[in-house]
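Here's the letter readout for the chains.
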Amino acid sequence: MNIFVAPDRTAAALRTADLVEQLVNATAPTALGIATGETMEAPLAEIVRRHRRGTLNLASTEVYLLDEYIGLQPDDPCSFANTVNRLLVEPTGISPGAVHGPDPHTLNLYAECAGYERRVRAARIQLQLLGIGTNGHIAFNEPGSSFASSTRVVRLSEQTRSDNARSFPDGAQPPAAAITQGIGTILMARELLLVACGQQKAQSVARAVEGPVTRSLPASALQLHPNVTVVLDPPAAALLADDARQPCRRNREEGKDFYQ
Ligand code: GLP
């Protein structure tokens, strides 16, 4: 696992965009898995900036979403599909047909989950971006999720709903259910890139990276994957062991980017 502690949140976004740029420029077509959430807004804005500048061309990239709320109207700005349209599709002009996600409005959600799982597997995601919940969830795989889980309907924890309420208009509560790629689905991606910023993520990051591998902390499943990069800002890295917390300084001396 490569852990990169950026000097600040902006540098973490730049580093994330660097890794996406390297992949997109080296492979075509590219299957890129993206995550939503506040943490991803700055990296996506940087990806859009580079696309406009011409250094990162998304023209042959297929984008796959991790998850989606169940119960929002199709035009609700808080749905992950609409968020990705606003943050990525509209500003880059990439084809909406190149963006894939589970459809929470179909009658048969179980068939939808099975179908999306098949599409993600067939796509062979090259790089999957991930955020992390304060309770250690990845996508919407809440504590207790099986590491072998596939795309399915899940109930969201009260912790997740209260954390995510900040993305909803005043007083509105996030839905209680969602469709999410499973942990088993996520682990099939060739490379995983977890991004976390802010002190509220410090505990789940430390448990994910240094704690025991346990289904009570879904992100600890990343320890089982051979190709994982974790990009943090200093507050999110604050509870890591000392030698992992200081990579920037140490690696600057060594002329290296990453603490391994
Ligand atoms: C949601 C998403 C997750 C994301 C998490 C972190 O719950 N389903 O994929 O990792 O938010 O969100 P934020 O970046 O807003 O803290």
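Preceding this section is the structure that the text describes.
> How should I be thinking about the site of the ligand in this particular structure?
Neighbouring the ligand are 14 residues, the closest being E38, T39, D67, R166 and K201. A distance of 2.4 Å separates an oxygen atom of the ligand from a polar atom in the side chain of T39. Taking 390 Å² as the accessible area of the ligand by itself, protein coverage stands at 96%. Mapping the ligand onto the cavity grids shows that it belongs to the largest pocket.

> Looking at this structure, I do not really get the packing of aromatic side chains. What am I missing?
For any pair of aromatic rings, the description rests on two quantities: the centre-to-centre distance and the angle between the ring planes. Inspection of every chain in the model, using the stated rule, returns 4 aromatic pairs. Between Y69 and F80 the ring centres are 4.8 Å apart and the planes differ by 40°, which places this aromatic pair in the tilted class. Separated by 11 residues along the polypeptide, Y69 in strand β4 (residues 67-70) and F80 in helix α3 (residues 80-92) bring together distant segments of the chain. Of the two residues, Y69 and F80, both sit in the buried class. Among the aromatic residues, those joined into a ring-pair cluster are Y69, F80, F140 and F168. For the cation-ring pair, R15 lies above F4, with the distance from its terminal atom to the ring centre recorded as 5.1 Å.

> Can you walk me through the sheet that holds strand β3 (residues 61-65) in this structure?
Ordered in space as β1-β10-β9-β6-β2-β3-β5, the 7 strands form an open sheet in which the pairing is parallel. With partners counted over all chains shown, the strands left at the sheet margins are β1 (2-5) and β5 (99-100), one partner each. The strands touched by helix α1 (residues 9-26) are β1, β2 (30-34), β3, β6 (127-130), β9 (191-196) and β10 (228-232); relative to β10, the strand with the most contacts, the crossing angle is about 150°. In this fold α3 packs onto β2, β3 and β5, with an angle of close to 145° to the strand it touches most, β3.

> I keep staring at the sheet that holds strand β7 (residues 152-155) and nothing clicks. Help me out?
Strands sit in the order β4-β8-β7 across an open sheet of 3 strands; the sheet is antiparallel. Only two strands of the sheet have a single neighbouring strand rather than two, namely β4 and β7. Strand-to-strand twist across the sheet, computed as the mean angle between neighbouring axes with direction ignored, equals 30°. Two strands pair when backbone bridges link them, and β4 and strand β8 (residues 177-180) are joined in this way by 4 bridges, in the antiparallel orientation. Residue pairing for β8: D67 is matched across the bridge by T180.

> I'm lost on the pairing of β2 in this one. Help?
Residues in a regular strand point their side chains to alternate faces of the sheet. Counting buried positions along β2 yields 5 of 5 residues, so the element is predominantly enclosed. Side chains T30, L32 and I34 of β2 all project onto a buried face; the interleaved residues A31 and G33 project onto the opposite face, where all are buried too. Examined bridge by bridge, β2 and β3 share 5 bridges and lie parallel to one another. Bridge pairing links T30 to T61 in β3. Handedness of the crossover joining β2 and β3 through helix α2 (residues 38-53) is recorded here as right-handed. Here 2 bridges tie β2 to β6, and the two strands are oriented parallel to one another. Along β6, the bridge assignment pairs L32 with L127.

> Would you mind showing me how to read the layout of surface pockets here?
One way to see where empty space is left: roll a probe the size of a water molecule over the atoms. When its volume is computed, the largest pocket comes out at roughly 560 Å³. Elements with a contribution of two residues or more to the lining of the largest pocket: α2, β4, α3 and α5 (158-164). Its residues assigned to classes, the lining of the largest pocket comprises 11 nonpolar, 11 polar and 7 charged. Space inside the second largest pocket adds up to approximately 170 Å³. Lining the second largest pocket are 13 residues, with E68, A81, P102, D103 and P104 sitting closest to its centre. Sorting the residues of the lining of the second largest pocket by element identifies α3 and β5 as the ones contributing at least two each. Of the residues belonging to the lining of the second largest pocket, the class tally is 6 nonpolar, 5 polar and 2 charged.

Basis of the calculations
Residues numbered from 1 in each chain as written. Predicted model: local features only at pLDDT ≥ 70, side-chain atom pairs only at ≥ 80, totals over all residues. Heavy atoms only, no water. Near = heavy atom within 4 Å. Polar contact = N/O pair within 3.5 Å; in protein donor to acceptor, adjacent residues only side chain to side chain. Areas by Shrake-Rupley, 256 points an atom, 1.4 Å probe, with all protein chains shown as cover. 1 Å grid on protein atoms, 1.4 Å probe; cavity = no way out; pocket = protein on both sides within 12 Å on 5 of 7 lines; lining within 4 Å. Sits in = over half its atoms within 2 Å of the grid points. Phe/Tyr/Trp six-rings, centres within 6.5 Å; stacked < 30°, edge-to-face > 60°. Helix = DSSP H or I, 4+ residues; strand = E, 2+ residues; numbered from the N terminus. Buried < 20%, exposed > 50% of the residue type's maximum accessible area, 1.4 Å probe, protein only. Lys NZ or Arg CZ within 6 Å of the ring centre and 35° of its normal. Pairing = 2+ DSSP bridges. Contact = heavy atoms within 4.5 Å. Axes fitted to C-alpha atoms, helices over the stretch in contact; angles between N-to-C directions. Right-handed = clockwise from strand over helix to strand, strands pointing away. Points joined across faces, edges and corners; volume = space filled by probe spheres on them. Nonpolar A, V, L, I, M, F, W, Y, C, P; charged D, E, K, R; others polar.

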